[in-house]
Every structure is written in C-alpha cells, then in structure tokens.
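Below, each chain spelled out in residue letters.
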Amino acid sequence: MATGWSSRMTHAKLLAAEVLSVTVYPCSPPSFSIPRRSPSSISRAEILGVVVSLESKPKFVKFLLDDGTGCVPCILWLHPLLPPSDNDPTPELLRLQARTVRLGEQLRVRGRITLYRAQLQITVADVFVEKDPNMETFHRLDCLRLAKRSYHLHKDAFTST
C-alpha cells in the first residue's frame with residue numbers, strides 16, 4: 001500500500017465529477033486540487049468514458065467524455081504547440097490517436113488538467129480505445145480504491161452532504 005503519491009508526474013485516476021470539481025489556484029501554470037482530499041495539487045488525470053460530442057478541426061480534435069458522473073471536455077492537439085521533447089508523441093501518432101476518437105466510442109484518456117476561457121479541460125497526451133465494457137466499472141472501482149488508499153481521501157468524502 002502506498003504511503004503517499006507524487007501528483008506532479010502521475011496521471012491520477014479520476015471520475016469526471018472529480019475533474020469538474022477541482023479547486024483552481026491561480027498561479028502560472030494554474031494549480032489544481034480535489035475537494036475532500038489531503039492538500040495535494042494535481043496536474044495530470046486519467047479518465048474513462050464514452051465520447052458524446054466531437055468537433056474535428058485541422059489543428060485539434062475536441063470532444064466530451066461522459067463517464068456517468070459528468071462530461072469532461074478534452075482536446076487533442078494535432079500539432080505540438082511547443083518544440084517537441086523526447087517524450088512527446090510524433091505528429092503521425094497524434095493523427096492516429098485522433099482517428100480513434102469517434103462518437104459512442106469508449107475511451108481511456110490521459111493528459112494534463114488545463115484551463116481554457118475559465119473552463120476546465122483535459123489536454124490529451126494519450127488516447128486508448130477500451131473494447132471491454134467492464135472497464136468502466138473497473139475504472140470506477142480503481143478510482144474509489146485509490147481515493148481511499150493512495151490519494152488520502154478525507155473520512156467524510158463518501159458521506160452525503
């Protein structure tokens with residue numbers, strides 16, 4: 001069992017409702033934390049859901065991912081905004097990932113939590129198509145388990161308010 005986690009370079013497994021309820025701390029770049037969790041900022045998230053809205057443009061693919069707890073806006077840039085590093089996907093890989101984003105498709109998305117026009121979104125780093133319908137349930141269970149054991153969830157987090 002983990003005694004703590006480094007949230008800066010780790011993709012925290014989260015539900016859409018958690019992503020949409022993060023507290024934003026204005027700094028450069030903005031910092032985010034999740035209510036009812038130990039004070040720890042997060043910058044990267046992994047979510048799983050169904051694509052319910054899709055907009056394709058020459059420079060990006062924008063879509064909404066719905067996991068039943070909410071809809072998270074996601075953006076996949078097709079051209080790097082900054083000079084590429086060794087860890088960045090190639091433009092060919094980005095275009096290949098963009099082709100996997102289709103309406104009704106169940107996707108696992110990892111990326112940075114960002115703000116655009118005061119709206120939270122995930123700036124996508126990886127997209128995986130999930131063919132197994134049970135993965136949504138497994139993801140939810142993982143989120144609950146990690147919240148209790150690794151993310152130091154406060155005791156009142158699972159009680160109704």
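None of these values were measured; they are calculated from a predicted model. (Residues numbered from 1 in each chain as written. Predicted model: local features only at pLDDT ≥ 70, side-chain atom pairs only at ≥ 80, totals over all residues. Heavy atoms only, no water.)

**Student:** What am I meant to see in the nonpolar core here?
**Tutor:** Burial of nonpolar side chains together is a common tendency in soluble globular proteins. By size, the foremost hydrophobic cluster in this structure holds 26 residues, and its most contacted members are Phe63, Cys74, Val109 and Ile122. Within the residue set of this core, elements represented by two or more residues are α1 (16–20), β4 (44–56), β5 (60–66), β6 (71–77), α2 (91–100), β7 (106–116) and β8 (119–129). Broken down by element, this core gets its largest block of residues, four residues, from β8. Not counting the four nearest positions on each side in its chain, Phe63 is found in contact with Val51, Ser53, Leu54, Val72, Pro73, Cys74, Val101, Leu107, Val109 and Val124. (Core = buried A, V, L, I, M, F, W, Y, C linked by side-chain atoms within 4.5 Å. Buried < 20%, exposed > 50% of the residue type's maximum accessible area, 1.4 Å probe, protein only. Helix = DSSP H or I, 4+ residues; strand = E, 2+ residues; numbered from the N terminus. Contact = heavy atoms within 4.5 Å.)

**Student:** In this structure, what is going on with the packing of aromatic side chains? I would like to understand it.
**Tutor:** Any two aromatic rings considered together are summarised by their centre-to-centre distance and by the angle between their planes. Inspection of every chain in the model, using the stated rule, returns one aromatic pair. Their ring planes at 65 degrees and their centres at 5.5 Å tell us that Phe60 and Trp77 sit as a pair that is edge-to-face. With Phe60 in strand β5 and Trp77 in strand β6, this residue pair connects regions lying 17 residues apart in the sequence. (Phe/Tyr/Trp six-rings, centres within 6.5 Å; stacked < 30°, edge-to-face > 60°.)

**Student:** Is there a simple way to explain the environment of Val72 in this structure?
**Tutor:** Tracing the backbone through its elements, the reader meets Val72 in strand β6. Separated by 23 residues in the primary sequence, Val72 and Gly49 place their C-alpha atoms 9.1 Å from one another. Those residues in contact with Val72 that lie beyond four places of it in its chain are Ala16, Val19, Leu20, Ile47, Phe63, Leu64, Leu65 and Ile122.

**Student:** Mind showing me how you'd approach the pattern of salt bridges here?
**Tutor:** Opposite charge on two side chains allows them to pair when their charged atoms are near. Summed over the entire model, instances satisfying the criterion amount to eight salt bridges. One salt bridge in this structure joins Lys131 and Glu105, with 3.8 Å as the shortest N-O distance. Of this pair, Lys131 sits in the loop between β8 and α3 (135–149) while Glu105 sits in the loop between α2 and β7; the two residues are 26 residues apart in sequence, bridging distant segments of the chain. Judged by its relative accessible area of 65%, Lys131 is exposed. Here Asp142 and Arg145 are joined by a salt bridge, their closest N and O atoms 3.1 Å apart. With Asp142 and Arg145 both in helix α3, this residue pair falls three residues apart, about one helical turn. Given a relative accessible area of 37%, Arg145 falls into the partly exposed group. (Salt bridge = Lys/Arg side-chain N within 4 Å of Asp/Glu carboxyl O.)

**Student:** Please clarify how the pairing of β4 should be interpreted in this entry.
**Tutor:** Side chains on a regular strand alternate between the two faces of the sheet. For strand β1 (residues 11–13) and β4, the ladder comprises three bridges, and the chain directions are parallel. Bridging across to β4, Ala12 finds its partner in Ala45. Pairing geometry for β4 and β7, over seven bridges, is antiparallel. Each residue of the ladder has a partner; that of Glu46, found in β7, is Arg110. Here β4 runs beside β5; their pairing, made up of six bridges, is antiparallel. Residue pairing for β5: Leu54 is matched across the bridge by Phe63. (Pairing = 2+ DSSP bridges.)

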